[in-house]
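Geometric and topological summary
Here's the letter readout for the chains.
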Amino acid sequence: MTQHLAKINPKTFLGSGKVEELRLAVEHHEAEVVIFDEELSPRQNRELEKILKCRVIDRPWVILEIFNDHAKTREAKTQVELARMKYSLPRLTGLWDHLSRQRGGIGMKDVGETQIQLDKRMIRNEIHKLEKKLVQIDKEKKTQRKNRQEIYKIALVGYTNAGKSTLMNCLTGADTLVEDKLFATLDATVRKMKKNFPYPVLLSDTVGLIAKLPHDLVASFKSTLDEVRDADLLIHVVDLSHREYAAQMRTANDLLEEMGVDAIDILLAFNKIDNLPDSDTLDRALNAHPSSIGISCKTGQGIEALRQQMVSHYEKNLAPYRLELKHSQAELIQAIRKHALVLKEDYTPNSIVLSLRVASGAKAKLESILKQSIELD
Ligand SMILES: Nc1nc2c(ncn2[C@@H]2O[C@H](COP(=O)(O)OP(=O)(O)OP(=O)(O)O)[C@@H](O)[C@H]2O)c(=O)[nH]1
Ligand SMILES: [Mg+2]
């Protein structure tokens, strides 16, 4: 059922006529649950349950349930649990109202009230504990990220089910879980790009984005999203075969902007081009978006071209750098090559002068290679 609302009714979300229509439909179909594709306030949720005499669930709840089902690691589980607790806290009253009405016993209401207070306190304690745990996890993640600071990082982002994990596997040979369902990935996986890539690059797969993502969930997934903020380049993966790809792209862009990552370079990858309804779709999409590319993780089409673009983005990011070595340090050149592009080696009588191009993060690494060798001397 849909309704164009000029104004949302603070009490029942829908207008009163529509609520009545919905009530009759629930009665007619003997529905046990009504799901709203929108976020309801706790009050609206309660009111609607009263009127419709059945369970009412909103969109954030559905998303939280899916996340809950898919959470595997300690981090993801903690994040989802926290979001669920925060979601349920202001909604507890409704639950007990429901019970007291069902059982109908005298005094149930009072028992309910006391119980709600107890439950709320318990949940607040739990929230506090989970938040502490997340701070700890966040710290560990920060250390991990710090250790990777000098390495160029690329993150795959995009609407859920666009094919990020498939692309990750395609580019790194990893076997991240790929599934035709929403939010298959909840944890940022980080892998080295190996296959045919000339530079050390870390690629991370991230949690999928979706329209009207529950606010608590975004807050809980901070450390996962930090992975995105930390990247040098984003590849925005779009499922071009989806009939609403344009809207999905916009949603993803809006969320990225909200996350404050709009300053990072973005490469647009239109995926699933093996599955397009007509031949115009790809041309139109490519023309409308400069710096975009069509790919298919299924057939491999366009993957090599994407890799090339990733390489040129990397190289664009490099700054000229000059390094002088003693002849006795010649064997360091091999190690230096791992972190910089060596353009020229000039052998003078006293030294070797290297003309390099390096990523900003890699300079520290080069200096530490030199320092170590001097200390060894
Ligand atoms: N036809 C076709 N299907 C693809 C392609 N790439 C991925 N898929 C399918 O799309 C579905 C979703 O792929 P995933 O890689 O799990 O998508 P994701 O973006 O990681 O999704 P979430 O982790 O849920 O956000 C899977 O069924 C893939 O097999 C492609 O190029 N062509
Ligand atoms: Mg995935």
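Predicted model only: the values in this text are computed from it and were never measured.

Thresholds applied
- Residues numbered from 1 in each chain as written.
- Chains lettered and ligands numbered in written order.
- Predicted model: local features only at pLDDT ≥ 70, side-chain atom pairs only at ≥ 80, totals over all residues.
- Heavy atoms only, no water.
- Helix = DSSP H or I, 4+ residues; strand = E, 2+ residues; numbered from the N terminus.
- Rg over C-alpha atoms; globule rule 2.2 N^0.38 Å.
- Buried < 20%, exposed > 50% of the residue type's maximum accessible area, 1.4 Å probe, protein only.
- Contact = heavy atoms within 4.5 Å.
- Areas by Shrake-Rupley, 256 points an atom, 1.4 Å probe, with all protein chains shown as cover.
- Axes fitted to C-alpha atoms, helices over the stretch in contact; angles between N-to-C directions.
- Parallel < 35°, antiparallel > 145°, perpendicular 65-115°, else oblique.
- Left-handed = near helix turned anticlockwise from the far one by under 90°.
- 1 Å grid on protein atoms, 1.4 Å probe; cavity = no way out; pocket = protein on both sides within 12 Å on 5 of 7 lines; lining within 4 Å.
- Points joined across faces, edges and corners; volume = space filled by probe spheres on them.
- Nonpolar A, V, L, I, M, F, W, Y, C, P; charged D, E, K, R; others polar.
- Domains from an automatic or database assignment.
- Buried area = accessible area lost by both parts, 1.4 Å probe.
- Salt bridge = Lys/Arg side-chain N within 4 Å of Asp/Glu carboxyl O.
- Polar contact = N/O pair within 3.5 Å; in protein donor to acceptor, adjacent residues only side chain to side chain.

1. A short note on the overall build of the protein chain
The secondary structure content of the protein chain amounts to 14 helices and 11 strands. Rg of the C-alpha trace for the protein chain: 27 Å, well past the compact-globule value of 21 Å for 377 residues, more than 25% over. Expressed along its principal axes, the backbone C-alpha trace of the protein chain runs to roughly 100 × 55 × 35 Å. Residues counted as buried form 46% of the 377 residues belonging to the protein chain. Partitioning the intrachain contacts of the protein chain with sequence separation of at least 6 by distance along the chain shows that 64% fall at a separation of at least 24. Carbon and sulfur atoms make up 51% of the accessible area of the protein chain, which totals about 20,500 Å².

2. With respect to the packing of helix α1 (residues 16-29) against helix α2 (residues 42-52)
The interhelical angle for the contact between α1 and α2, taken along N-to-C directions, is 50°, at an axis separation of 9 Å. With respect to their mutual orientation, α1 and α2 come out oblique. As for the relative orientation of α1 and α2, their crossing is right-handed in sense. Residues Val19, Leu22, Arg23 and Val26 of α1 touch α2, and the partners they reach there are Leu48, Ile51 and Leu52.

3. Observations concerning empty space enclosed by the protein
Considering all chains together, one arrives at four cavities of 30 Å³ or more under this definition. Its volume calculated, the largest cavity comes out at about 100 Å³. Forming the boundary of the largest cavity are Phe67, Val207, Gly208, Leu209, Leu213, Leu217, Val218, Phe221, Leu225, Leu255 and Met259. Classifying every residue of the lining of the largest cavity gives 10 nonpolar, one polar and no charged.

4. Observations concerning the domain arrangement of the protein chain
One can read the domain layout of the protein chain as domain 1 (16-128), domain 2 (149-315) and domain 3 (318-376). Just the C-alpha atoms count here: the centres of domain 2 and domain 3 sit 34 Å apart. Across the boundary between the two partners, domain 2 contributes six residues, which contact eight residues of domain 3. Taken together, the two surfaces of domain 2 and domain 3 that pack against each other cover about 620 Å², and 57% of this comes from carbon and sulfur. If you sort the residues of domain 2 by the area they bury against domain 3, Glu150, Tyr314 and Glu315 come out on top, with a joint share of 69%. Where domain 2 packs against domain 3, one counts zero salt bridges. For the pair domain 2 and domain 3, the interface holds two residue pairs in polar contact (both at pLDDT 80 or more). For the side of domain 2 that touches domain 3, the class distribution of residues is three nonpolar, one polar and two charged.

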